[in-house]
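The chain contents come next:
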Amino acid sequence: MKENMVASFKEKYWKYSLIAIIIFLGIIIFREFSPFFSGLLGAFTIYVLVRKQMFYLTEKKKIKKIYAVLIILIEVILCIIVPTFLLIWLLLGRLKEFDIHPAALFQTVQNFVDLIHSKTDYDLLSQSNVTNLTGYLSDMLQTVLGQVSSFVINSVVLLFILYFMLMSNRQMESYVYELLPFDEKNKRNVITEIKRMVTSNAIGIPLLAVIQGAVATIGYIIFDVPTPYLFGVLTCFATIIPVIGTAMVWFPLAVFLALSGNWFGAIGLAIYSLVIISNVDNLIRFLLQKKLADTHPLITVFGVLIGLTLFGFWGVIFGPLLLSMFFLLIRIFKAKYLESKDEFLETD
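Residues numbered from 1 in each chain as written. Predicted model: local features only at pLDDT ≥ 70, side-chain atom pairs only at ≥ 80, totals over all residues. Heavy atoms only, no water.

**So, the overall build of the protein chain**
Within the protein chain, the secondary structure is distributed over twelve helices and zero strands. Starting at the N terminus and ending at the C terminus, the protein chain contains elements arranged as α-α-α-α-α-α-α-α-α-α-α-α. Here the protein chain holds 348 residues, and the buried ones make up 33% of them. Relative to all contacts within the protein chain whose residues are 6 or more apart in sequence, the contacts with residues 24 or more apart total 67%. (Helix = DSSP H or I, 4+ residues; strand = E, 2+ residues; numbered from the N terminus. Buried < 20%, exposed > 50% of the residue type's maximum accessible area, 1.4 Å probe, protein only. Contact = heavy atoms within 4.5 Å.)

And the structure:
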């Protein structure tokens, strides 16, 4: 009896010590790897999208694995990384060439500041405000440059990780599948939910951005916004943030038109944006999510807001996935431990 107790104590000691060491080392690795986390998330996203193509090339077409991997990596470089990098590069170039007629603009801004000062006795161009604005602009510029550098580095990390994920596809999936702490039915549900959410957001969000940018560009052309195509591209990026994302572009443009004396364009753009751009944004976003993954709109909206804080750009995919997994795990727990019958959602 005593020997059994000693053996049981040793087994528990070994077990929990091993868990503690794994958690400790995992925290260290995660902290040191955090600058490259975007590359890891990007590799995972693309793997989910191309895994069936990999199986088709290697198992049906009998192409050697290394050649199949190279084909897919070339596709990723040509179809995703190079266009994205060129778009960012051209966008930054256009911003540097953007002519805002500073003399005329400064005069209209000065008139606006004088009007505010006469009505409220508040100086918008006080020394403290100017100092704070300069600091914000400097921080914004550093952030943009840092993001461009991070994009290049994480693109290399993405390709590196994706290469090994594709090379060990079946073995990697089996290994991860065995580690999931669920029974077979719930494992299938979790895997199905992950694939569905990742695919939905990876396809739906770029499609939404293109549609939304096209609709916004039409309005920018109609109401005589300078360089409308540039701001159309910016609107594409702004759609990442749900509900208010496009307003981060069209609202400053409307203010700019008003300050420039183009009140017709300012009012017209504001009405067009509120009635058409914002509603098209919300409508298309929810329709795409409903069509591709049958996701509740609140999960999409709050998931993106949470995800952008946690994961950066890839949060538009993994934020909604995080919320969906949270509620899925609650349903698993409820069905497994709180209900009298062991039943759960059928696998799609």
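Still more ground to cover, so stick around.
**What about the pattern of salt bridges?**
A complete count under the given rule lists two salt bridges for this structure. For E173, the salt bridge is made with R51, and the minimal N-O distance between the two is 2.9 Å. In this pair, E173 sits in helix α6 (residues 169–179) while R51 sits in helix α2 (residues 37–60), placing the two residues 122 residues apart along the sequence. Between E59 and R170 there is a salt bridge, with its nearest N and O atoms 3.0 Å apart. With E59 in helix α2 and R170 in helix α6, this pair connects stretches of sequence that are 111 residues apart. Assessed through its relative accessible area of 38%, E59 is described here as partly exposed. (Salt bridge = Lys/Arg side-chain N within 4 Å of Asp/Glu carboxyl O.)

**Some details on the nonpolar core**
Ranked by size, the top nonpolar core spans 39 residues in total, and within it L162 and L166 carry the most contacts. Among the elements of the structure, α2, α3 (65–97), α5 (127–167), α7 (184–222), α11 (297–311) and α12 (315–338) are those that each provide at least two residues to this core. Not counting residues within four places of it along the chain, the set of residues in contact with L166 comprises Y47, V50, M54, K65, V69 and I72. V215, A216, Y220 and F256 belong to the second-largest nonpolar core, a separate cluster that totals 18 residues. (Core = buried A, V, L, I, M, F, W, Y, C linked by side-chain atoms within 4.5 Å.)

**Some words on the packing of aromatic side chains**
Where two aromatic rings form a pair, the distance of their centres and the angle of their planes describe that pair. Tallied over the full model, the rule gives eight aromatic pairs. On the basis of an interplanar angle of 55 degrees and a centroid distance of 5.8 Å, the ring pair of F33 and F36 is categorised as tilted. Their ring planes at 85 degrees and their centres at 5.0 Å tell us that Y163 and F164 sit as a pair that is edge-to-face. According to the relative accessible area criterion, Y163 is partly exposed, its value standing at 24%. Taking relative accessible area as the criterion, F164 reaches 43% and is therefore assigned partly exposed. Above the face of the F55 ring, R170 is positioned so that its terminal group lies 3.7 Å from the ring centre. (Phe/Tyr/Trp six-rings, centres within 6.5 Å; stacked < 30°, edge-to-face > 60°. Lys NZ or Arg CZ within 6 Å of the ring centre and 35° of its normal.)

**Comments concerning α2**
An ideal rise of 1.5 Å per residue puts 34 Å on 24 residues; α2 measures up with 33 Å between its terminal C-alpha atoms. Along its length, α2 shows its largest kink, about 50 degrees, at V50. (Expected span 1.5 Å × (residues − 1). Bend = angle between axes of the 7 residues up to and from the residue.)

**Describing a nonpolar patch on the surface**
Together, I74, I77, L78, V82, F85, L86, W89 and V152 make up a nonpolar patch on the protein surface, roughly 720 Å² of accessible area in all. Position of W89 relative to the elements: it lies in helix α3. (Patch = residues over 30% accessible without salt bridge, like charges linked within 9 Å, V, L, I, M, F, W, Y side chains within 5 Å. Areas by Shrake-Rupley, 256 points an atom, 1.4 Å probe, with all protein chains shown as cover.)

**Details of the confidence of the model for the protein chain**
Overall, the predicted model of the protein chain reaches an average pLDDT of 77, with 74% of residues at or above 70. Per-element mean pLDDT across the protein chain ranges from 60 in helix α4 (residues 102–120) up to 88 in α2. (pLDDT = per-residue confidence, 0-100.)

**Side note on the packing of α7 against α12**
As a packed pair, α7 and α12 sit with axes 9 Å apart at the nearest point and diverge in direction by 155 degrees. It follows from the interaxial angle that α7 and α12 lie roughly antiparallel. In the crossing of α7 with α12, the sense of the turn from one axis to the other is right-handed. When α7 is examined against α12, the residues N186, N189, V190, E193, I194, M197, V198, N201, A202 and I205 are found in contact with a partner set consisting of V316, I317, P320, L321, S324, M325, L328 and I332. Residue composition of the contact of α7 with α12, by class: 13 nonpolar, four polar and one charged. (Axes fitted to C-alpha atoms, helices over the stretch in contact; angles between N-to-C directions. Parallel < 35°, antiparallel > 145°, perpendicular 65-115°, else oblique. Left-handed = near helix turned anticlockwise from the far one by under 90°. Nonpolar A, V, L, I, M, F, W, Y, C, P; charged D, E, K, R; others polar.)

**Quick word on the side chain of N169**
On the secondary structure map, N169 appears in helix α6. At a separation of 2.9 Å, a polar atom in the side chain of N169 contacts the main-chain carbonyl oxygen of L166. If sequence neighbours within four positions are ignored, N169 has contacts with Y47, M54, F55 and K65. (Polar contact = N/O pair within 3.5 Å; in protein donor to acceptor, adjacent residues only side chain to side chain.)

**So, the environment of V304**
By the secondary structure assignment, V304 is in helix α11. Classification of V304 by relative accessible area gives buried; the value is 1%. With 18 residues separating them along the chain, V304 and L322 place their C-alpha atoms 9.6 Å apart.

**Here we look at unusual backbone geometry**
Even without being glycine, K62 reaches a positive phi, approximately 60 degrees. Relative to the assigned elements, K62 resides in the loop between α2 and α3.

**Quick look at helix α9 (residues 247–259)**
For α9, spanning 13 residues, the distance from its first C-alpha to its last is 18 Å, which sits close to the expected 18 Å at 1.5 Å a residue. Those residues of α9 not exposed but buried are V249, W250, L253, A254, F256, L257 and A258. Of the residues one or two after α9, G261 is the one with positive phi, at around 95 degrees.

**Description of the environment of L166**
With respect to the element layout, L166 can be found in helix α5. On the basis of relative accessibility, which here comes to 0%, the residue L166 falls in the buried class. C-alpha of L166 to C-alpha of K65: the two residues are 101 residues apart in sequence and 8.5 Å apart in space.

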